[in-house]
Amino acid sequence: MTATLLFYILGAIAVIATLLAITRKNPVHAVIYLVNSFFALALLFYLLGAPLLAAWELIIYAGAIMVLFLFIIMMLQLSPTSDTIGSGETRRQWIPVMLLTLALATCTLLLTALDPSGAEAVPRWYASPRDFGYALFKEYALAIEIVSFQLLFAAVGAFYIGRPERKKTEPGGAE
Amino acid sequence: MTEQLIMLGLILVKLLLVFGVILSMAAYLVLAERKILARMQLRYGPNRAGPGGMMQPMADLIKLLTKEDFVPAQADKWLFLLAPGLSALTALLTFAVIPFGPPLQIFGQTVPLVICDLNIGLLYFLGLSSLAVYGMALGGWASNSKYSLLGAIRGLSQLISYELAMGLSVVPVVMMARSFSLTEIVLAQQQIPFALLNPPAFLIFLISIVAESKRIPFDLPESENELVGGFHTEYSGMRFGLFFVGEYINMVILGSMLTVLFLGGWSGPWLPGVVWFIIKVLAICFFFIWVRGSMPRLRYDQLMNFGWKVLLPLALLNVLITGAVLLWIG
């Protein structure tokens, strides 16, 4: 009972914090809301019986990745009072978000309509760090490696797409 | 039901006790640091308030509480007000998983001397220590001042760099103890502390925690002679006090972690466990102060080079070698 209540509270916090993170104009505030949402997510993992995953969520996402985000934002030297980015947004930029949310809402609705009592849900189980590690690096090692390769592809792809335009060689140019 | 109530009561009592001990320890560490540094520099240090200056922390507290709480113009007010609390809070929360003594027998019940023995205790510590960055970074950014911002940026990059080495230097400990739980790590070193079994890991961890606590020789985030006060330049009154005390709480916490991970925690002959634990932590705190009294500050490129080119490869190599040796022994 308490677990269910906690689950819904944490879920609500995660959703609201993420929404706020998307809508803030000040990037530092957005980062803080996102960290909040990661916190709620980590606690959800803990509640569902995966403490190792919860710790990783905190260490990697809240502790490393968002700190890097913050670092970059601070290097850009935006002062706390200026709302610099996202000033020229249009309604069209909201379309992808709306579509995704709509899809998610439809799925949830279908799920609850088909199985209102939640009987088919995965039974609660507890994954000790040892079990979780074995599953991750022994049973599904190949799958994990493939997924991590995908991350590598994504990184290389991002570099390729984001590379600086090669300038036409101007006569006497410093390039 | 009564069992649960008793457990809840016990946890609350332990919380209050630990909270009080840590806060007073942090307050008196400030005095100890001033006294020891003074003696190292052939001065007397604070000796006016109370006998031998023993009431100095009280006097400081009253001074800080009665000072004006000032928020600079153009600052991000909420973040500015929140940041010091954040930095003290993350430091305090870490102590929840640190076992400071062997289980006690009270009225036929076994009371573990740790507030919450998480089976991922070590990861909890690593997670919170990586969150400790936020208080400093947000405080520095929200002040809207160049000095603060520079201090915060320096602090961010320093903490990120040395956290890697710190995390990796703990991996051999987990491999040797075969658990993330801090209690089990202490129990695994009843015979020989890990500091003797794996001295490289111990040294890397020691250097990294000095860097994590932002103290000399790694005190670039607040180097007084270039950045005024670094990330807490704009803070005054008790908010500055929170940053200040947070730093000393951090010192106690990191000292406790070093004790638990490498020095055998509460284990030791003759004396009761809690006393051994406190002795070890205080010895490490003394070491911190001693280092501050005798080392110059590193240059920024030296700091980064040392972290990434020396400590990190060493820590990785150490993980590899420890793994190989453990496999070989079986």
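As the structure is a prediction and not an experimental result, all values here were calculated from the model. (Residues numbered from 1 in each chain as written. Chains lettered and ligands numbered in written order. Predicted model: local features only at pLDDT ≥ 70, side-chain atom pairs only at ≥ 80, totals over all residues.)

Student: Which residues make up the overall build of chain A, and what are the values?
Tutor: Tallying secondary structure elements over chain A gives six helices and zero strands in all. Mapped from its N terminus to its C terminus, chain A presents α and β elements in the order α-α-α-α-α-α. Evaluated residue by residue, chain A yields a buried proportion of 16% over its 175 residues. (Helix = DSSP H or I, 4+ residues; strand = E, 2+ residues; numbered from the N terminus. Buried ≥ 20, exposed ≤ 12 C-beta atoms within 10 Å, placed from the backbone.)

Student: I'd like a description of the overall build of chain B, backed by residues and values.
Tutor: Regarding its fold elements, chain B presents 12 helices and two strands. In terms of overall size, chain B behaves like a compact globule, its C-alpha atoms giving a radius of gyration of 20 Å where 330 residues would be expected to give roughly 20 Å. Summarising its shape, the C-alpha atoms of chain B cover approximately 60 × 50 × 45 Å along the three principal directions. By residue count, 44% of the 330 residues in chain B fall in the buried class. By sequence separation, contacts in chain B at least 24 residues apart represent 76% of the contacts at least 6 residues apart. (Rg over C-alpha atoms; globule rule 2.2 N^0.38 Å. Contact = placed C-beta atoms within 7 Å.)

Student: Provide a residue-level description of the domain arrangement of chain A, including the pertinent values.
Tutor: Per the domain assignment, the segments making up chain A are domain 1 (1–79) and domain 2 (128–162). A straight line from the C-alpha centre of domain 1 of chain A to that of domain 2 of chain A covers 22 Å. (Domains from an automatic or database assignment.)

Student: How would you sum up the interface of chain A and chain B? Please name residues and give values.
Tutor: Between chain A and chain B, the residue contacts involve 20 residues of the former and 23 residues of the latter. By residue number, the principal contributor to the side of chain A that touches chain B is helix α3 (residues 51–75) of chain A, which donates 13 residues. Residues belonging to the side of chain A that touches chain B are distributed by class as follows: 15 nonpolar, five polar and no charged. (Nonpolar A, V, L, I, M, F, W, Y, C, P; charged D, E, K, R; others polar.)

Student: Can you tell me about helix α2 (residues 27–47) of chain A, naming the residues and giving the values?
Tutor: All names here are of chain A. In this model, α2 (21 residues) spans 30 Å end to end at C-alpha, consistent with the 30 Å of a helix rising 1.5 Å per residue. Looking at α2, one finds that the buried residues are Pro27, Val31, Ile32, Leu34, Val35, Ser37, Phe38, Phe39, Leu41, Ala42 and Tyr46. Glycine 49 lies just past α2 and shows a positive phi near 95 degrees. (Expected span 1.5 Å × (residues − 1).)

Student: Please provide a residue-by-residue account of the packing of helix α1 (residues 2–40) of chain B against helix α11 (residues 273–294) of chain B, values included.
Tutor: Residues and elements named next belong to chain B. Packing of α1 against α11 brings their axes to within 10 Å, and their N-to-C directions diverge by 45 degrees. Taken together, α1 and α11 sit at an angle that is classed as oblique. Judged by the sense of rotation from one axis to the other, the crossing of α1 with α11 is right-handed. Here α1 contributes Leu29, Ala32, Glu33, Ile36, Leu37 and Met40 to the contact with α11, which in turn contributes Cys285, Ile289, Arg292 and Gly293. (Axes fitted to C-alpha atoms, helices over the stretch in contact; angles between N-to-C directions. Parallel < 35°, antiparallel > 145°, perpendicular 65-115°, else oblique. Left-handed = near helix turned anticlockwise from the far one by under 90°.)

Student: Account for helix α3 (residues 77–93) of chain B, naming residues and giving values.
Tutor: All names here are of chain B. The terminal C-alpha atoms of α3 lie 25 Å apart, and with 17 residues this matches the ideal 24 Å at 1.5 Å per residue to within 8%. The axis of α3 is deflected most strongly, by about 30 degrees, at alanine 83, and proline proline 84 appears within four residues downstream. Among the residues of α3, Phe80, Ala83, Pro84, Leu86, Ser87, Ala88, Thr90, Ala91 and Leu92 are the ones counted as buried. Its buried side turned inward, α3 meets α1, α4 (121–142) and α10 (237–262). (Bend = angle between axes of the 7 residues up to and from the residue.)

Student: Got a sec to walk through the nonpolar core? Specific residues and values, please.
Tutor: In terms of nonpolar packing, the biggest core is built from 111 residues, with Phe205(B) and Leu261(B) touching the most fellow members. Setting aside chain neighbours within four positions, we find Phe205(B) in contact with Met166(B), Ser169(B), Val170(B), Leu258(B), Leu261(B) and Phe262(B). (Core = buried A, V, L, I, M, F, W, Y, C linked by C-beta atoms within 7 Å.)

Student: Tell me about the environment of Ser223(B), residues and numbers included.
Tutor: Residue and element names in this part refer to chain B. You can see serine 223 is positioned in the loop between α8 (199–212) and α9 (224–227). C-alpha of serine 223 to C-alpha of arginine 297: the two residues are 74 residues apart in sequence and 8.5 Å apart in space. Ignoring anything within four residues of it in the chain, the contact list for serine 223 reads Gly230 and Arg297.

Student: Give a description of the packing of α4(B) against helix α5 (residues 146–177) of chain B that names residues and reports values.
Tutor: Residue and element names in this part refer to chain B. One way to put it is that α4 packs onto α5 with a least axis distance of 8 Å and a crossing angle of 175 degrees. Looking at the two axes, α4 sits roughly antiparallel to α5. Where α4 approaches α5, its residues Leu122, Leu126, Ser129, Ser130, Val133, Met136, Ala137, Gly140 and Trp141 are matched on the opposing element by Ser148, Leu149, Gly151, Ala152, Gly155, Leu156, Leu159, Glu163, Gly167, Val170 and Val174. Of the residues assigned to the contact of α4 with α5, the class counts are 12 nonpolar, seven polar and one charged.

Student: Outline the environment of Val35(A), listing residues and values.
Tutor: Residue and element names in this part refer to chain A. As for its position among the elements, valine 35 is in helix α2. Taking the C-alpha atoms as reference points, valine 35 and glycine 63, 28 residues apart in sequence, are found 8.7 Å from one another. Not counting residues within four places of it along the chain, the set of residues in contact with valine 35 comprises Ala62 and Met66.

Student: Describe unusual backbone geometry, listing the residues and the values that go with them.
Tutor: Residues and elements named next belong to chain B. If you check the backbone angles, leucine 42 has positive phi at about 55 degrees while not being a glycine. Inspection of the secondary structure puts leucine 42 in the loop between α1 and α2 (56–66). On the basis of neighbour counts, which here come to 6 C-beta atoms within 10 Å, the residue leucine 42 falls in the exposed class. With phi around 55 degrees, lysine 214 is a residue other than glycine that occupies positive phi space. Within the secondary structure, lysine 214 is located in the loop between α8 and α9.

Student: Before we move on, could you go through the environment of Ile72(A) and cite the residues and values that matter?
Tutor: All names here are of chain A. Locating isoleucine 72 in the fold gives a position in helix α3. Isoleucine 72 gets classed as exposed once you count the C-beta atoms within 10 Å, which come to 11. Sequence separation between isoleucine 72 and threonine 106 is 34 residues; the distance between their C-alpha atoms is 37 Å.

Student: Quick rundown of the confidence of the model for chain B? Include the residues and the values.
Tutor: Parts of the prediction with low pLDDT should not have their coordinates interpreted in detail. Chain-level statistics for chain B give a pLDDT mean of 84 and a share of 99% at 70 or above. Taken over the whole predicted complex, pTM reads 0.80, whereas the ipTM for its chain interfaces reads 0.77. (pLDDT = per-residue confidence, 0-100.)

Student: Explain the confidence of the model for chain A residue by residue, including any values.
Tutor: Mean pLDDT over chain A works out to 75, with 73% of the residues at or above the 70 mark. Predicted confidence in chain A is weakest over helix α4 (residues 95–114) of chain A, with a mean pLDDT of 72, and strongest over helix α6 (residues 141–161) of chain A, with 85.

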